[in-house]
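Now for the letters of each chain:
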2 protein chains.
Amino acid sequence: MQLSDFLKAARGEAPCDLLLANARIVDVFSGRIAPGSVAVAGGRVVGIGDYPARETVDLGGRFLAPGFIDSHVHIESSMTCVAEFARAVAVRGTTAVVADPHEIANVLGAEGIRYMLASAIGQPINVFYALPSCVPATDMETAGARLAAADLEPFFQDPRIVALGEMMNYPGVLNGDPEVLKKIDAARRHGRPVDGHAPGLSGRALAAYVAAGITSDHECTTAAEALEKIAAGMHVMIRQGTGARNLDALLPVVGETSSSRLMWCTDDRHPHDLLAEGHIDSIVAAAIRAGVDAVTAIRMATLNPAERFGLVHLGAVAPGRQADFVVFSDPARLRVEEVYVRGELIARDGRPTEGLKTPPPLPAAPSMHVDLNGLDFGLHADGKRLRVIDLIPDQILTRQSVESAPVEGGRVVSDPGRDLLKIAVVERHRRSGRIGLGMVRGFGLRRGALASSVAHDSHNIVVVGVADADMLTATAEVVAMGGGIAAAAGGRVAARLPLPVAGLMSLEPVQAVSAAVDRLVAAARDLGSPLKDPFMTLSFLALPVIPELKITDRGLVDVLQFRHVGLFV
Amino acid sequence: MQLSDFLKAARGEAPCDLLLANARIVDVFSGRIAPGSVAVAGGRVVGIGDYPARETVDLGGRFLAPGFIDSHVHIESSMTCVAEFARAVAVRGTTAVVADPHEIANVLGAEGIRYMLASAIGQPINVFYALPSCVPATDMETAGARLAAADLEPFFQDPRIVALGEMMNYPGVLNGDPEVLKKIDAARRHGRPVDGHAPGLSGRALAAYVAAGITSDHECTTAAEALEKIAAGMHVMIRQGTGARNLDALLPVVGETSSSRLMWCTDDRHPHDLLAEGHIDSIVAAAIRAGVDAVTAIRMATLNPAERFGLVHLGAVAPGRQADFVVFSDPARLRVEEVYVRGELIARDGRPTEGLKTPPPLPAAPSMHVDLNGLDFGLHADGKRLRVIDLIPDQILTRQSVESAPVEGGRVVSDPGRDLLKIAVVERHRRSGRIGLGMVRGFGLRRGALASSVAHDSHNIVVVGVADADMLTATAEVVAMGGGIAAAAGGRVAARLPLPVAGLMSLEPVQAVSAAVDRLVAAARDLGSPLKDPFMTLSFLALPVIPELKITDRGLVDVLQFRHVGLFV
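Computed from a predicted model, the values in this text were never measured in an experiment.

All names here are of chain A. One open sheet holds the five strands; their spatial order is E6-E7-E8-E9-E10, and the pairing between them is parallel. With partners counted over all chains shown, the strands left at the sheet margins are strand E6 (68–73) and strand E10 (194–196), one partner each. Averaged over neighbouring strand pairs, the angle between their axes works out to 30 degrees when direction is ignored. Taken together, the three bridges between strand E8 (residues 126–131) and strand E9 (residues 161–167) define a ladder with parallel strand orientation. In the strand pairing of E9, Tyr-129 is matched with Ile-161.

This is the structure:
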């Protein structure tokens, strides 16, 4: 709609498209709730008051608030594509996200970012991106790409790029790594804020990190940490994801400080949680249940992230802003009943209406570059004692121990009796044939193998198993699917989930993906694993920035020493 | 300082320049005050804590807050140039201003804006500008320039242009005037907010104005007006200037709403007030005296304007931000004792230190284009009754009345007995010889004349007097000074103030300007005028947007009808 036509409606000289009458409107500016009607034309709020309109909907005194914004999310963690993720969160009232395509960028590089930007077009919600700042995450493994400052530069031309994404390389920042500073400088030159990732950073180190230009953090785990970061000038994103759940620990912060620097994020939510728990709506509701003022909780989901990312057209029910709303009956037990985007009703009671339209998912470039011929999980017994990765249940941290090697015929084999299983990381980006081999304890498999192309952050294929043959079967299935997750035993595939987009994302709805994950977990259980989510555990074993012992395609990594170590001691 | 060197200091590996130890630090993020030390290197805050430093200053437990920011000011109203204005406000703790060079732009056009940008270089405080959006203010008079959207466009390349300035033409906005919308669109394309100017605008009209993209207002005069504007998404600048003083009326707003959308501004402060009262410091102090929480009052002078204008390096005592501070002993009776800019002590107890350095003022292009030969204040008596501008004491509003014309020899003359004086506006931008003539009541002059090249908004020469000869003497003096203010009687100049910069600004310190204004007012009083500030009154008589009857070089304007009217009825 032309501004001149919009202004006609604003002057009351032409009818608006829609009048949402008899609402209690949540004013995130003042913190108050006031009765009124909201007029919409051309997808934007015309004003609050009685305007002539083609359609009037009586909200019967229910509450109307701005649509919710996730300030930091990896869509890849939903294991489905942008379109299906958008559908899943839109029905819960999320009308905008700032997504960091860090995972797909580690696989497909700049092409992955372009894929995500292209996928965002025509979605029912506003999909913005933070540019991945740390691809690859480390040099201890083989990623699919390396993104230098010069590679990121052109993306700043796209107005949907609203930030430089979480700067995980804080040693690089603190030591003034020129390439890291170049990326920060590029963001600032282009008027974009830089998101941080600084778990536990404090004192001088935190000050230096902030002084370098990094102005947010979503890794706080204690109130004291959050308060220190806020005092240093950071926006703090309180995270409640699938793995990391910081809401309870950080709720005291909301009362202790001006809430204007606080917002919510999910970071990573798996399909099951998106369905069972919801998205930002679930965090707002939990905060209110815990005693946070309802408008404050909503403001942290709306105006605050909008202001942090310069999204001046979002985040409030106010003239000129996009008509993205949630409607609910009871702030004390917030449940989103209706969702409007650009003035269109797109969901009611958690289900899509006809108004929820998503474009067909885009196919992505092939990403499984593995030669199955010659793939060999065999491991010469070059010593008597070897390092073992010890799982800690429900954590992505591991410990390390040293055990006597289970050997048969001069080769190291899995020993289910001692719960010592072979684990491998198969390079999948450039057909190098490179494979890292090790031992892990804690999976509990009695037979078979589990394999996945979701393996943070470089997303090679990680596979654990009892018999080499089953490890090969599971890996071959992952490759054959063009990426995905598989459980195999006795030479056949027991369960599978194709993830054809970069080996990370499905083209199916979240419901189908969640069901497939359930089948995979059931299969793993059938093979003997007691773990709640063995595939999530598996996906973090290749991440060499989380202590203590991890494995990549280049072999074992002692994370505390930040160096490769041999399998045998 | 290179970021890499800065980071060395931040890591504690190199000494900082300065440690302000033993302070109570005002944290505008959290709203709290915490004891600590602030380290500075390269003019920026390194961190809070104990750092090795080349110089340590013990603040003895005094309070340290961010330097103050004036969110909307016309430097021209100080009647002195940027350098002298900067000195005057810097010693009071103002370390940044967002100035709208609306006045000089009405005289010198784009060259005036370039002059102000050039003048800002090297100043002790941070001088940012909002681009004048309404030059000329109206078509009822002759201004020195006309600035179209295309003329403004190049200025957005300068990072010191932080907004499009107050959009006074709200009818143009509401009616979708294409040229007005083009200016707004340019600002938004360049990522700059648009400041508003919408006295009394409400309801649908306000909504339309905001929807068009205008996101602040400094013209609120009641709490209800401010609350409506805040709910519409506007940032509200509470103004306490020389003429318009809205603080008392708007203080209730601070408690009634989230303060994060509120800030302070002076808009226009005359030299005398800058010296006697101060600047933003005086507003913060008055707010605190009136019961506003001290940190909230300071936040409205620091973080809030910094965020509104995207000045992410200002507005807080936090790592990486510019080391602009004020130091004081008692928040309850705030008096700024020391001022630091970029880590340099520039003022103590309201007086500059050696650290306060200003570059020499820049000369401006000549702006008095008047042919004195042939200048004639004679006025044929073309009727018996004429319209009279009636002053309302201490207001810039006027009324109109109709009186019998005082006539001598077929010509209209002043009649001091009835306090009917001749008033003229002499076009001074393009030697057109155009002159508007009228009658005014309320100046009370018994003899002589007063003339000024400060005459909002087109700044032609406005002159009032008893005898034509004295009107000519005063006008000639204004022209001879290259602009300024003069009082004349009996053929000689009684008092004068040269304003060689566009006829608006002196090159002398505020103290000298204030003394000259005092002499001018004394001279006016000597000539019979009882007015508190006859020159300020005079300067608004040519402003045809303030009701009811005004005069321009094109004659009388009935402001309520927004059209020219004849002198005789």
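Time to look at the environment of Ser78(B). All names here are of chain B. Relative to the helices and strands, Ser-78 is located in the loop between strand E6 (68–73) and helix H2 (82–90). Residue class for Ser-78 comes out buried when judged on its relative accessible area of 1%. Taking C-alpha positions, Ser-78 is 9.2 Å from Ser-514, a pair spaced 436 residues apart along the chain. Discounting chain neighbours no more than four positions away, the residues touching Ser-78 are Phe-85, Arg-269, Pro-271, Leu-274 and Val-513. At 2.7 Å, the side chain of Ser-78 and the backbone oxygen of Ile-75 are in polar contact.

Another point: the sheet that holds strand E26 (residues 484–489) of chain A. Residue and element names in this part refer to chain A. What the eight strands build is an open sheet, ordered E19-E18-E23-E22-E25-E24-E26-E27; its pairing is mixed. For this open sheet the edge positions go to strand E19 (398–404) and strand E27 (492–498), each flanked by a neighbour on one side alone. Across the sheet, the mean angle separating the axes of adjacent strands is 25 degrees when strand polarity is ignored. Contacting strand E22 (420–426), strand E24 (449–452), strand E25 (461–465), E26 and E27, helix H15 (residues 468–480) runs over the sheet at an angle of about 150 degrees to E26. In this fold helix H16 (residues 510–526) packs onto E24, E26 and E27, with an angle of close to 150 degrees to the strand it touches most, E27.

Here we come to the interface of chain A and chain B. Counting from both sides, the interface comprises 48 residues of chain A and, opposite them, 48 residues of chain B. Of the roughly 3,500 Å² buried between chain A and chain B on both sides combined, carbon and sulfur atoms contribute 53%. Counting every contact that joins chain A to chain B gives two salt bridges. We note a salt bridge from Arg261(A) to Glu307(B), for which the minimum N-O separation is 2.3 Å. At the junction of chain A with chain B, the criterion picks out ten residue pairs in polar contact (both at pLDDT 80 or more).

For the rest of this paragraph, the subject is the side chain of Thr552(B). Residues and elements named next belong to chain B. Among the secondary structure elements, Thr-552 is positioned in strand E28 (residues 549–552). Reaching out from Thr-552, the side chain makes a polar contact with the backbone nitrogen of Arg-554 at a distance of 3.0 Å. Every residue in contact with Thr-552, bar those within four places of it in the chain, is listed here: Met-140, Glu-141, Val-425, Gly-436, Ala-542, Pro-544, Val-557 and His-564.

Residue and element names in this part refer to chain B. Evaluated as defined, the whole model comprises zero disulfides over all chains. Considering cysteine sulfurs only, Cys-220 is the nearest to Cys-265, which forms no disulfide, with 10 Å between them. Under the relative-accessibility criterion, Cys-265 is labelled buried at 0%.

Let's shift gears to the environment of Arg204(B). Locating Arg204(B) in the fold gives a position in helix H8 (residues 203–211). Taking the relative accessible area as the measure of exposure, Arg204(B) reaches 33% and is therefore partly exposed. Considered as a pair, Arg204(B) and Leu174(B) are 30 residues apart in the sequence and their alpha carbons are 9.8 Å apart. With residues near it in sequence (within four places) discarded, Arg204(B) still touches Ala10(A), Arg11(A), Gly12(A), Asp50(A), Tyr51(A) and Pro52(A).

Moving on, we get to helix H10 (residues 247–256) of chain B. Residue and element names in this part refer to chain B. Burial in H10 covers these residues: Leu-247, Leu-250, Leu-251, Val-253 and Val-254. Buried residues of H10, seen end-on, are gathered within an arc of 155 degrees and therefore sit on one face of the element. Counted as exposed and oriented over 90 degrees from the buried face of H10: Asp-248 and Gly-255. Looking at the packing, one finds that the buried side of H10 touches helix H9 (223–231), strand E12 (235–239), strand E13 (262–265), helix H12 (280–289) and helix H13 (294–299).

Our next topic: the confidence of the model for chain A. Overall, the prediction assigns chain A a mean pLDDT of 96, with 100% of residues at 70 or greater. Here the prediction assigns the complex a pTM of 0.94, and the interface score ipTM is 0.91.

Residue and element names in this part refer to chain A. E25 sits mainly inside the fold: five of its five residues count as buried. The alternating pattern of E25 places Ile-461, Val-463 and Gly-465 and Val-462 and Val-464 on opposite faces, both of which are buried. Across five bridges, E22 lies against E25 in antiparallel orientation. Across the sheet, the residue bridging to Ile-423 is Val-464, located in E25. In this structure, E24 lies alongside E25, joined through four bridges in antiparallel fashion.

Now for the pairing of strand E1 (residues 18–27) of chain B. Residues and elements named next belong to chain B. In terms of burial, E1 is largely enclosed, as eight of its ten residues are buried. Taken together, E1 and the strand that follows it, strand E2 (residues 32–41), pair antiparallel across an intervening segment of four residues, in which Gly-31 is found at a positive phi of about 85 degrees. One ladder, built from three bridges, connects E1 with strand E4 (residues 56–58); its direction is parallel. Opposite Leu-20, over in E4, you have Val-57 as the bridge partner. Sheet topology places E1 next to strand E5 (residues 63–66); two bridges connect them, and they run parallel. Bridge pairing links Arg-24 to Phe-63 in E5.

Definitions and cut-offs
Residues numbered from 1 in each chain as written. Chains lettered and ligands numbered in written order. Predicted model: local features only at pLDDT ≥ 70, side-chain atom pairs only at ≥ 80, totals over all residues. Heavy atoms only, no water. Pairing = 2+ DSSP bridges. Helix = DSSP H or I, 4+ residues; strand = E, 2+ residues; numbered from the N terminus. Axes fitted to C-alpha atoms, helices over the stretch in contact; angles between N-to-C directions. Buried < 20%, exposed > 50% of the residue type's maximum accessible area, 1.4 Å probe, protein only. Contact = heavy atoms within 4.5 Å. Polar contact = N/O pair within 3.5 Å; in protein donor to acceptor, adjacent residues only side chain to side chain. Buried area = accessible area lost by both parts, 1.4 Å probe. Salt bridge = Lys/Arg side-chain N within 4 Å of Asp/Glu carboxyl O. Disulfide = S-S within 2.5 Å. Arc of directions from axis to C-beta. pLDDT = per-residue confidence, 0-100.

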